[in-house]
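# Inside the fold
So the chains spell out like this:
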Amino acid sequence: MPANRTSSLVGREGLGGPYFLLTFLHPEIARDARPGQFVMIKAGLSAEPPLRRPFSILEASPGRETFTLFVKAIGPGSSALCTLPLGGVAQCLGPLGRPFSAPPEGTEALLVGGGYGIAPFSFLGAELRGRGSAARVFYGGRAKADLPLLGRLRAQGQDVVAATEDGSLGVHGRVTLPLEAHMDAVRRPQRLYACGPEAMMHAVARIAAARGLAAEVSLDPWMGCGVGTCLGCVVKVQGESDARWKYRCACTEGPVFDAARVVWPGESESRARAMAVAAPTREGERA
Amino acid sequence: MRLAVELAGIRLKNPLIAASGTFGYGVEYEGVIDLATLGGIVSKGLYLEPRDGAPVPRIAETPSGLLNAIGLQGIGIHAFVRDVLPRLRAHDTALLVNVCGDSVEEYAEVARVCDGAPGIAGLEINISCPNVKQGGMAFGGDPRMTHAVVAAVRGATRLPVIPKLSPNVADISVFARAAAEAGADALSCINTLIGLAIDVETRRPRLGFGTGGLSGPAIRPVAVRMAWQAARAVKIPVIGIGGITTAQDALEFLIAGCRAVQIGTANFVDPGLYPRVLDELRGYLERHRLEDVGDVVGTLQYPGEVVECKTGGQG
């Protein structure tokens, strides 16, 4: 059950440029958060900007009663969070949303993060490694500066393949390049997880569909409330028993969705429907 | 100290009601907050049948405000009565249903369904949604249609009937009188103001529907003025709505003549605000040596007008 409370900032680490790791005290989120879940948070009690913002949970520490966010200061909401002084307070509701599901035993999890979409894969990757599951992270961005979490992920012991579009770090090209190369080279059951720009998630969905693999994506539309009351964050998703797509709240029915059931922009609704029907149904254990 | 108010035969334990469209069906907040701290809850707008709502994007943040075009996505009245109401009734708060329709007949039919369902305290009649292509504003923008809808609903139910008026009209008092004459028991004032936000890079509206309804603190002075005008135009009680986030905001509406208020957009910002606002409200009453929240209602000392005020000189 999500908890709504005032949460104080207990740690801030600048990662260069607009990127920060922010750690907040919040016992319920620390205890209950699952990889893929998010919080609705707003710095201070000021009237501007009006709304809280959704952020994926990077890490939760039940022992310390804290959780950590990976925040890129790009607008008034995220900037206010990143300039909050230590000990300053935020209003925070969480954990929210449907988490990633765990891959079946013996399946390699391929976690594809683009830009700040990498956040949930620190959590998921660490958890999968902790239980001895095979997991590999593919971390992409335009340039080296867009991959500020790379060192931290590697320090966690995660297998990370970096890719940049300008070639300034790792593989030169889009993150799907090393992803597909790995899938071609390693022949074993795999499951894909993606979070990042919509075009990247759509590409991962297509790769999974072409190979008959399951994929989960974490969608990131504008959110107003985080609990399914404003109906602002809806996405077109084809349900298992639906005759056609329905608008579903990304906050409560997602943010994690079966990639094959998402009606992607520019994709015909009938194709999504065909893919959804063809995709294997699975009700796995929640990761 | 008395915070309870009675309005159109509905007893509210305090004058704070969650506004339609900002609180879902109430059950979404079960476990997050104590729903019994609210005076009442107005459901998301309900037609007879489920609705998809408007295309995305549906919300855009604006200065001190929120522009939305959700388009009344909803589960329909039958699913609400069957699946939600039994759960919602477990909470000690007044439950109001926001009634929508594409036709006068549909409004009446939804009201009839509610009439037979136990646990509903009253009906708010949505004649003012700016984000649907038919219905909504077509009824709220023409006083004869307002009269027709309210009269039809009045004839279909014994429950209190509370039309929610639109601010997108030249003179709200005309609509307040039309609704009262048609048999309304109270009025909700106001719904959102029509706005347009443009993405200058793409030169398209920021909302998928095009225009949207503006809410939040940005609209509060307009809302207080219109609620005040409506309250002066009719004898039935008025519920004030528009940008309330604190007790001070709520008091503006009460002083302007509203018997209760609805809190809307602020629910998204902090669903846990009710205990805080009630504490602030008690503090105000104490400071002004008032025993009953009803004692502030309609005590506005407007320039050139004489109003009896219980405590006199303060403020």
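That block above? That's the structure.
For every chain, the first residue of the written sequence is number 1, and numbering continues from 1 onward in sequence order. Whichever chain is written first becomes A and whichever ligand is written first becomes 1, with later ones labelled in order. Totals for whole chains, interfaces and linings use every residue, but because this is a predicted model, local features are given only for residues with pLDDT of at least 70 and side-chain atom pairs only at 80 or more, for both listing and counting.

### Looking at the overall build of chain B
- On a plain count of helices and strands, chain B comes out with 9 helices and 16 strands.
- Between the two quantities, the radius of gyration covers C-alpha atoms and the globule rule is 2.2 Å times the number of residues to the power 0.38. The C-alpha radius of gyration computed for chain B amounts to 18 Å, which stays within 12% of the reference 20 Å derived for 315 residues, consistent with globular compactness.
- With respect to the three principal axes, the spread of C-alpha positions in chain B is 50 × 50 × 45 Å.
- Three exposure classes are used, based on other C-beta atoms lying within 10 Å of a residue's own C-beta, which is placed from the backbone: buried for 20 or more, exposed for 12 or fewer, and partly exposed in between. The proportion of buried residues among the 315 residues of chain B is 57%. For the purposes of this entry, the term helix denotes a DSSP run of H or I that reaches at least four residues, the term strand denotes a run of E that reaches at least two, and both are numbered from the N terminus.

### What to know about the overall build of chain A
- The helix and strand tally for chain A stands at 7 helices and 15 strands.
- Expressed along its principal axes, the backbone C-alpha trace of chain A runs to roughly 50 × 45 × 35 Å.
- Burial analysis of chain A (287 residues in total) assigns 54% to the buried set.
- We call two residues in contact when the distance between their C-beta atoms, placed using the backbone, is within 7 Å. For chain A, the share of sequence-separated contacts (at least 6 apart) that also reach a separation of at least 24 residues comes to 64%.

### A word on the packing of helix α5 (residues 176–185) of chain A against helix α6 (residues 198–211) of chain A
Residue and element names in this part refer to chain A.
- Interaxial angle, 0 to 180 degrees, is taken between N-to-C directions of lines fitted to C-alpha atoms, where a helix line uses only the stretch in contact. It is at 11 Å that the axes of α5 and α6 come closest, and there the two elements cross at 15 degrees. By the angle between their directions, the pair α5 and α6 is classed as roughly parallel. The crossing of α5 and α6 is right-handed. Between α5 and α6, the contacting residues are T176, L179, E180 and M183 on the first element and A203, V204, I207 and R211 on the second.
- Looking at the contact of α5 with α6 residue by residue, the classes come out as 5 nonpolar, 1 polar and 2 charged. Angle categories are assigned with fixed cut-offs, so that under 35 degrees is roughly parallel, over 145 is roughly antiparallel, 65 to 115 is roughly perpendicular, and the rest are oblique. Left-handed describes a crossing whose near helix is turned anticlockwise from the far helix by less than a right angle; the clockwise case is right-handed. Under the scheme applied, nonpolar residues are Ala, Val, Leu, Ile, Met, Phe, Trp, Tyr, Cys and Pro; charged residues are Asp, Glu, Lys and Arg; polar residues are all the others, including Gly.

### Considering the nonpolar core
- V204 of chain A together with L187, A227 and V261 of chain B are the most contacted members of the largest nonpolar core, which totals 199 residues.
- Every residue in contact with V204 of chain A, bar those within four places of it in the chain, is listed here: V112, T176, L192, A194, A215, V217 and A259 of chain A. The nonpolar core is taken to be a set of buried Ala, Val, Leu, Ile, Met, Phe, Trp, Tyr and Cys residues joined by way of C-beta atoms within 7 Å.

### Regarding the sheet that holds strand β11 (residues 190–195) of chain A
Residue and element names in this part refer to chain A.
- Criterion used throughout: strands pair if DSSP finds at least two bridges between them. Taken in spatial order, the 7 strands line up as β10-β9-β8-β7-β11-β12-β15 in an open sheet, and their pairing is mixed. Each having just a single partner strand, β10 (171–172) and β15 (256–258) make up the two edges of the open sheet.
- Sheet topology note: the strand β7 (residues 108–114)/strand β8 (residues 135–141) ladder contains 6 bridges and is parallel. When the sheet's bridge partners are listed, G114 is paired in β8 with G140.

### Here's the deal with the interface of chain B and chain A
- Counting from both sides, the interface comprises 28 residues of chain B and, opposite them, 22 residues of chain A.
- Secondary-structure elements contributing two or more residues to the side of chain B that touches chain A are β5 (59–62), β6 (65–68) and α8 (266–269) of chain B.
- The element that contributes the greatest number of residues to the side of chain B that touches chain A is β6 of chain B, accounting for 3 residues.
- Looking at the side of chain B that touches chain A residue by residue, the class counts come to 13 nonpolar, 10 polar and 5 charged.

### Describing helix α3 (residues 119–130) of chain A
Residues and elements named next belong to chain A.
- Helix span is expected to be 1.5 Å times the residue number reduced by one. Under the 1.5 Å per step criterion, the end-to-end length of α3 is 18 Å for 12 residues, consistent within 8% with the ideal 16 Å.
- Buried within α3 we find A119, P120, F121, S122, F123, L124, G125 and L128.
- G132, located one to two residues past α3, shows a positive phi value of around 80 degrees.

### Some words on the sheet that holds strand β11 (residues 193–195) of chain B
All names here are of chain B.
- As summarised here, the arrangement of the 4 strands in space is β5-β6-β14-β11, forming an open sheet in which the pairing is antiparallel. Because the sheet does not close on itself, it has two edges, and the strands there are β5 and β11. Neighbour to neighbour, the strand axes of the sheet diverge by 35 degrees on average, direction disregarded.

### Looking at α6 of chain A
Residues and elements named next belong to chain A.
- Taking 1.5 Å of rise per residue, 14 residues should cover 20 Å, and α6 covers 20 Å from first to last C-alpha, within 8% of that figure.
- Of the residues making up α6, those classed as buried are M200, M201, A203, V204, A205, I207 and A208.
- Summarising the contacts, the buried residues of α6 are in contact with β7, α5, β11 and β12 (215–218).
- G212 sits one or two residues past α6 and shows a positive phi near 70 degrees.

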